[in-house]
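These are the residues of each chain, in order.
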Amino acid sequence: ISVTDAGELLKRYTAGGRNFQGADLREIQLAGANLSNANLIGALLNGANLKNAQLDGIKLVIADLSHADLSYASLSKAKLMGAIFVEANLSSADLSRAELSDADLRNAKLIGAKLVGANLSAADLSGADLTGANLEAAELSSVNLTDATMPDGSVYG
């Protein structure tokens, strides 16, 4: 599906469109946008601005969000399996009950992020900053935390 800009994407979404699978949305400006429950599986969102966006229940499986700004975004119950968040800013984002298994979060900023009940199994969080993050009831089996800054500010391994 070809979507060329934020205006077109939001127009289609407002009209009831939810399938934007594989869309090339690099550098797109969607700060504060509501894309809850949209299908963006395999989408390219490198460098996208999604600050304060409502993305609850969104499907971003194997999507590339490297260098994206998702600070203060709401991603509760989002499907983010295998998504790439290398050097992304997820500070103060709500990732409650999000599915992040096998996600690549190397060097991501998760400062103050809410990861309550999130599934991070087999995720790569090496070099990530989790200062002040809430990991209550999060699934952390097989997670790579090499050089990650933990919620208490200590650096792991």
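In case you missed it, the structure is sitting above this.
Residues numbered from 1 in each chain as written. Predicted model: local features only at pLDDT ≥ 70, side-chain atom pairs only at ≥ 80, totals over all residues. Heavy atoms only, no water.

A.B. asks: Describe the packing of aromatic side chains, listing the residues and the values that go with them.
C.D. replies: Within this structure, the stated rule accounts for zero aromatic pairs. A cation over a ring is seen here: R18 above Y13, with NZ or CZ 3.7 Å from the ring centre. (Phe/Tyr/Trp six-rings, centres within 6.5 Å; stacked < 30°, edge-to-face > 60°. Lys NZ or Arg CZ within 6 Å of the ring centre and 35° of its normal.)

A.B. asks: Please set out the environment of L45 residue by residue, giving values where relevant.
C.D. replies: Mapped onto the elements, L45 comes out in the segment after α1 (6-14). Separated by 13 residues in the primary sequence, L45 and I58 place their C-alpha atoms 13 Å from one another. When neighbours within four sequence positions are excluded, L45 is seen to be in contact with L25, R26, I28, L60, D64, L65, S66 and A68. (Helix = DSSP H or I, 4+ residues; strand = E, 2+ residues; numbered from the N terminus. Contact = heavy atoms within 4.5 Å.)

A.B. asks: How would you explain empty space enclosed by the protein if you had to name every residue and give the values?
C.D. replies: On inspection of all chains with the given rule, the structure shows one cavity of 30 Å³ or more. Roughly 40 Å³ of internal volume is contained in the largest cavity. Grouping the amino acids of the lining of the largest cavity by side-chain chemistry returns eight nonpolar, no polar and no charged. (1 Å grid on protein atoms, 1.4 Å probe; cavity = no way out; pocket = protein on both sides within 12 Å on 5 of 7 lines; lining within 4 Å. Points joined across faces, edges and corners; volume = space filled by probe spheres on them. Nonpolar A, V, L, I, M, F, W, Y, C, P; charged D, E, K, R; others polar.)

A.B. asks: Describe the pattern of salt bridges, and please don't skip the residues or the numbers.
C.D. replies: One pass over the structure, following the stated rule, counts four salt bridges. For R26, the salt bridge identified is with D24, shortest N-O distance 2.5 Å. Of the charged contacts, one joins R106 and D124 as a salt bridge, the two residues approaching to 4.0 Å between their closest N and O atoms. Placement of R106 in the segment after α1 and of D124 in the segment after α1 is noted, with a sequence separation of 18 residues between them. Judged by its relative accessible area of 35%, R106 is partly exposed. (Salt bridge = Lys/Arg side-chain N within 4 Å of Asp/Glu carboxyl O. Buried < 20%, exposed > 50% of the residue type's maximum accessible area, 1.4 Å probe, protein only.)

A.B. asks: Would you mind going over the environment of K51 in detail, with residue names and values included?
C.D. replies: Along the chain, K51 falls in the segment after α1. Residue K51 is classed as partly exposed on the basis of its relative accessible area of 34%. Note: C-alpha distance between K51 and A68 (17 residues apart in sequence) is 8.8 Å. Discounting residues that sit within four places of it in the chain, K51 has contacts with A31, G32, D69, S71 and Y72.

A.B. asks: Kindly report on the environment of G112, identifying the contributing residues and their values.
C.D. replies: Following the sequence through the fold, G112 ends up in the segment after α1. When neighbours within four sequence positions are excluded, G112 is seen to be in contact with S92, T131, G132 and A133.

A.B. asks: I'd love a proper account of the side chain of S71, names of residues and values included.
C.D. replies: With respect to the helices, strands and loops of the structure, S71 is situated in the segment after α1. Residue classification places S71 among the buried residues on the basis of a relative accessible area of 4%. A polar contact of 2.6 Å, which involves the side chain of S71, links it to the side chain of D69. Discounting residues that sit within four places of it in the chain, S71 has contacts with K51, N52, N89, L90 and S91. (Polar contact = N/O pair within 3.5 Å; in protein donor to acceptor, adjacent residues only side chain to side chain.)

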